[in-house]
Each structure stands twice: as structure tokens, then as C-alpha cells.
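# Chains, contacts and geometry: an overview
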Amino acid sequence: MPNLPLGLPSEKSFYNREGELKRLKNYLNALSNDIAEEILVTGYRGVGKTSLLKKLMNELPENILVTYIDISRIYGSQKGEITEELIMINLLNAMNDAVGKRDGEITNKIYSTVKNAFKKISMKEYDFKNAGAILGIAVPDIKDNYRKLSQFVMEFPQKVVESSKGELKGVVIIIDEFQLMGGLKNPHAFFWMIRSYAQEQSNVSYIFTGSTSKTSEIVEMMNGPNGAFGGRMIQFNVDPFTKKEVKGYLHEKLPEIKFTEDGLERFYECTRGIPAYINTFGNTMSASDVYNSETVKKTFFDKMDQITVMWIKIWGTLSPNEKEILISLVENGPQTWSELLEKVDFTRGTLAKYLDILKNKGLISSDEKRYLLDDHLLEVWVKNKKISDGYYPP
Ligand SMILES: Nc1ncnc2c1ncn2[C@@H]1O[C@H](COP(=O)(O)OP(=O)(O)OP(=O)(O)O)[C@@H](O)[C@H]1O
Ligand SMILES: [Mg+2]
């Protein structure tokens, strides 16, 4: 059995993305000239956004400090409730850990002072006076703890660069699964707050990424004409592998599996070039066969549950209303708002609310007037469940 990564690929199993890496590095290298770009990385579920950014992290020059946080982790640890405060604490912790990994007198001092301040954070006493003094951040003595915390956290990266005496040229902050910040009480205010600091900081670049549709409310909120960044963010889409890349990938990472020309063509059609599916599908194949179009198709349906394993997990997290909308889109294909309203069993307000949620989660998008599913294999999986079990997945 082949053994392609189902988690993040190792250095050895990572394939290509040369062009993407080069472009991203170009944007970030501008930090050395005191130019900070903000970047929004979008792309289908499983297309390789996280893998690409993790790879990027390893390839940035020494003088750039990189921090990565994953909002879904915070979400998970809080059983679905997140707050601005928690995000700030996580961000500070991640930044400080990155600072701590460096080997320098100033960075060591910053690290241990902030680490000390953390002991108090758990008691909700945000006392950053000592840390603020080192970094030159005038921490206001205000009663509102969250404001004090957020000011310190948001000013931290730029101040670290400034106090590093040239050792650091910039900080890159990667925020993964950012669409989940839509679940905050007031995401607008939070994004505006980040933007207000970001625009003052010439050595801090933010990269937001997540599985969300390019047309989602959350992308609008962030970078739409009336959004916090008002279109000034660089929107960077990670595309699925092309047919040629799929061929190259299989050849390089899975040489033991043999295809006829039309078998390979069919494999590409089934996976649509999405690495998550290429890996799960590839892992079900056997080295003793030569796969043609027919046997690829047969294997695809036989091993459907294994190939679409990520949907089983995601489906389990959806609410009944979300499932109802998705099933209606599977059954009837793309639909307008009024067609959907006729088919589903709830009010206008509820429909509007859940359509937004599904868009934020990157499960559906809208083109002109119609809503459609974002992922072909979600559709195939739901349909196939109905055929094999007699009912839609509960
Ligand atoms: N360049 C690559 N080379 C090899 N494998 C890859 C590559 N990119 C992604 N993969 C594989 O594809 C799968 C999905 O990748 P990843 O989690 O990075 O996608 P994602 O876009 O972040 O997905 P999600 O939207 O669910 O967060 C992983 O199993 C990973 O190993
Ligand atoms: Mg990801």
C-alpha cells in the first residue's frame, strides 16, 4: 500500500508549488525595505493552503520572525466559543514562543519578561508594565483588560523588530482558519482593530488564510470595498494541481502505481487536482495493477469513504439546517435564493443566516444569482451515501 501523507506533508513529500512560494516570498521580502503587505490566501478545502504556508515558514530568511496560529485549535479547545481575548492571548503566546526560539540577548530578555506576564494573564490581570518598558510600549493603565491586552499584543511584533537592533527585519503573522473569526460577537470591530495597527506597522505582515469561498461574507468583511482592509490586501488563491502537475506528483511520490493514459486522465477528473484527494485516493491503490479509466472509476466508488474521509468529519460538525441546505443543492443542483426558500423548511431569516454560515465555511459559493456547492466530491459523497445507505447522511 502506498503511503502518502494525510496530515501535513514532510519536507520530502511536499510537491512543487515553486511559483506560489516565489510570489509569497517576494511579498514578504519587502519587509526588509519597511514595506508590509497583508495577504489573504484562499482556496478549496484540501488544496494545500496550510501545507504551502508551513513550507513558506521554513524558507523565510533568518531575519524574519514567523508566527503561526490556527483559529480552529482555539475553537476546538473552547468547544465552539471564541473571544477576541482568547485570540489575542494565543497570538501573543505564539509570537513570544517564536521570539524565544531565537538566540539573542534582547530576544531572550523579551521572551522571559513576556513569559512572566503570562503567569498573570491566567488570572486576568494584564500587567504588561515590565514587558512594555523593555519594548517601549506605553501600556495604558486602563481598567478595560481586553483593551490593554490587545494594544500590547498588536504593538508587540513591530516593537520586537525595533528593539532587535537590526537583527530582525520583520515579523510575519499567519492566521489559519481565519473564517472562524466570523463566530466572534463583533468580527467587524476585530478586523478594524487589526487593520488600524497593521497600517501603522511597516515591518509586520499578516497572512490570513482558511477554507472559505472567495465570495464569502467574511472575505467581504475583511477585504471588500467596505471591509476593514478595503481591498488593499493581496488576495492570493491557491489552485488545485493541473493535470500535468498531478502526473508529475504521482510519478515522483507514487512511482509504484501504474496508470494507462486514460486511467490517469480519469484519476485527475476524480480528484480535480486537489492534493487531499490525490493522497487519500492514491493510498487505496495497489502496486500490482495497471489502472485504466474503468478500474480507476471502480476503485473510486469502492473506496469512496476512504477518499472523502474529510467530509465525514466535517459533516458531523454541521447543524441540521446546514445539512438541509447542502442536501437540497445536491438534489437539485445550483439554485437561486427563492428556489432554495421554496425547497427548505425554514424562514427567510434562517435561510439567510445559514447561507452565510455555509459560505464562510467554504462549503458553498454564489455566482451571480445562484448558490452552488464548492466541492465536487462533497456532492458525489452525499449522492453516493443516498444510493448505498438509502438515506442521506444524518
Ligand atoms: N504541495 C503538496 N505536496 C504534497 N502534498 C500536499 C501538498 N499540498 C497539500 N498536500 C496534502 O494535501 C492535504 C491537504 O493539505 P492542507 O491541509 O495543506 O490543505 P488546506 O488547503 O489547508 O485544507 P483546509 O482547507 O482543509 O484547511 C494534506 O494531506 C497534505 O499532505
Ligand atoms: Mg488548512
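Residues numbered from 1 in each chain as written. Chains lettered and ligands numbered in written order. Predicted model: local features only at pLDDT ≥ 70, side-chain atom pairs only at ≥ 80, totals over all residues. Heavy atoms only, no water.

The next subject is the overall build of the protein chain. Helix and strand counts for the protein chain come out as 19 helices and 10 strands. For the protein chain, whose C-alpha radius of gyration is 23 Å, the value lies close to the compact-globule estimate of 21 Å for 394 residues. The dimensions of the protein chain, computed from C-alpha atoms along their principal axes, are 70 × 55 × 35 Å. Put simply, 71% of the contacts in the protein chain that link residues at least 6 apart link residues at least 24 apart. As displayed, the protein chain offers around 18,700 Å² of accessible surface, 49% of which is attributable to carbon and sulfur atoms. Of the charged side chains in the protein chain, 51 are positive and 52 negative, and the gap between their average positions amounts to 2 Å. (Helix = DSSP H or I, 4+ residues; strand = E, 2+ residues; numbered from the N terminus. Rg over C-alpha atoms; globule rule 2.2 N^0.38 Å. Contact = heavy atoms within 4.5 Å. Areas by Shrake-Rupley, 256 points an atom, 1.4 Å probe, with all protein chains shown as cover. Lys, Arg positive; Asp, Glu negative; His and termini not counted. Charge placed at Lys NZ, Arg CZ, Asp CG, Glu CD.)

Before going further, it helps to spend a moment on the nonpolar core. Grouped together as the largest cluster of nonpolar side chains are 50 residues, with contacts concentrated most on I87, F156, F178, M181, F190, F191 and F208. Here this core gets 9 residues from one element, more than from any other, and that element is helix α4 (residues 84-100). Counting 49 residues, the second-largest nonpolar core is a separate cluster that includes L340, L355, L377 and V380. (Core = buried A, V, L, I, M, F, W, Y, C linked by side-chain atoms within 4.5 Å. Buried < 20%, exposed > 50% of the residue type's maximum accessible area, 1.4 Å probe, protein only.)

Now for the pattern of salt bridges. Scanning the entire structure with this criterion turns up 15 salt bridges. In this structure, E59 and K25 form a salt bridge, with 2.7 Å as the shortest nitrogen-oxygen distance. Pair noted here: E59 is in helix α2 (residues 49-59) and K25 is in helix α1 (residues 18-29), with a separation of 34 residues, a long-range link. A relative accessible area of 31% means that E59 is categorised as partly exposed. Residues K385 and D305 are paired through a salt bridge, measuring 3.4 Å at the closest nitrogen-oxygen approach. You can see K385 sitting in helix α19 (residues 376-389) and its partner D305 sitting in helix α14 (residues 304-307), a full 80 residues away along the chain. The exposure class of K385 is buried, given its relative accessible area of 17%. With relative accessibility at 39%, the residue D305 sits in the partly exposed group. Each of K25, K55 and E59 takes part in salt bridges that share partners, so that together they form one network. (Salt bridge = Lys/Arg side-chain N within 4 Å of Asp/Glu carboxyl O.)

For interface size, the figure often reported is the accessible area lost on association. For the protein chain, the assigned domains are domain 1 (18-237), domain 2 (243-307) and domain 3 (310-389). Its C-alpha centre places domain 1 at a distance of 32 Å from the equivalent point of domain 3. In this complex, domain 1 contributes 10 residues to the contact, which on the side of domain 3 involves 13 residues. Between domain 1 and domain 3 the total buried area reaches about 920 Å² when both faces are included, carbon and sulfur atoms providing 49% of it. Counting across the domain 1 and domain 3 interface gives 5 residue pairs in polar contact (both at pLDDT 80 or more). Of the residues that constitute the side of domain 1 that touches domain 3, the class distribution is 2 nonpolar, 6 polar and 2 charged. (Domains from an automatic or database assignment. Buried area = accessible area lost by both parts, 1.4 Å probe. Polar contact = N/O pair within 3.5 Å; in protein donor to acceptor, adjacent residues only side chain to side chain. Nonpolar A, V, L, I, M, F, W, Y, C, P; charged D, E, K, R; others polar.)

Spatial ordering of the open sheet is given by β2-β3-β4-β1-β5, a layout of 5 strands whose pairing is parallel. Looking at strand neighbours, the two that pair on one side only are β2 (64-70) and β5 (234-237), the edges of this open sheet. Across the sheet, the mean angle separating the axes of adjacent strands is 20 degrees when strand polarity is ignored. Here 5 bridges tie strand β3 (residues 170-176) to strand β4 (residues 204-209), and the two strands are oriented parallel to one another. In the sheet register, I174 faces β4, and the bridge partner there is I207. (Pairing = 2+ DSSP bridges. Axes fitted to C-alpha atoms, helices over the stretch in contact; angles between N-to-C directions.)

Going through the model one piece at a time under the given rule, you end up with 13 aromatic pairs. Between Y15 and F241 the ring centres are 5.6 Å apart and the planes differ by 85 degrees, which places this aromatic pair in the edge-to-face class. Here Y15 is found in the segment before α1, whereas its partner F241 is found in the loop between β5 and α10 (243-253), with 226 residues between them in sequence. Per residue, the accessibility class of Y15 equals that of F241, and both read buried. (Phe/Tyr/Trp six-rings, centres within 6.5 Å; stacked < 30°, edge-to-face > 60°.)

It is worth spelling out the pairing of β2 at this point. Among the 7 residues in β2, 7 count as buried, and that is most of the element. Of the strand pairs in this sheet, β2 and β3 are connected by 7 bridges, and their pairing is parallel. Counterpart to I69 in the pairing with β3 is I175.

As a further point, take the site of ligand 1. Around ligand 1 sit 24 residues, and of these G7, Y15, K49, T50 and S51 come closest. Taking G48, its main chain carries an N or O atom lying 2.9 Å from an oxygen atom of ligand 1. In the complex, 90% of the free accessible area of ligand 1, which totals 630 Å², lies under the protein chains. Within the residue set of the shell around ligand 1, elements represented by two or more residues are α2 and α12 (275-282). Looking at the shell around ligand 1, its residues break down into 12 nonpolar, 8 polar and 4 charged. Of the domains in this structure, domain 1 (18-237) and domain 2 (243-307) are the two that each give at least three residues to the shell around ligand 1. (Near = heavy atom within 4 Å.)

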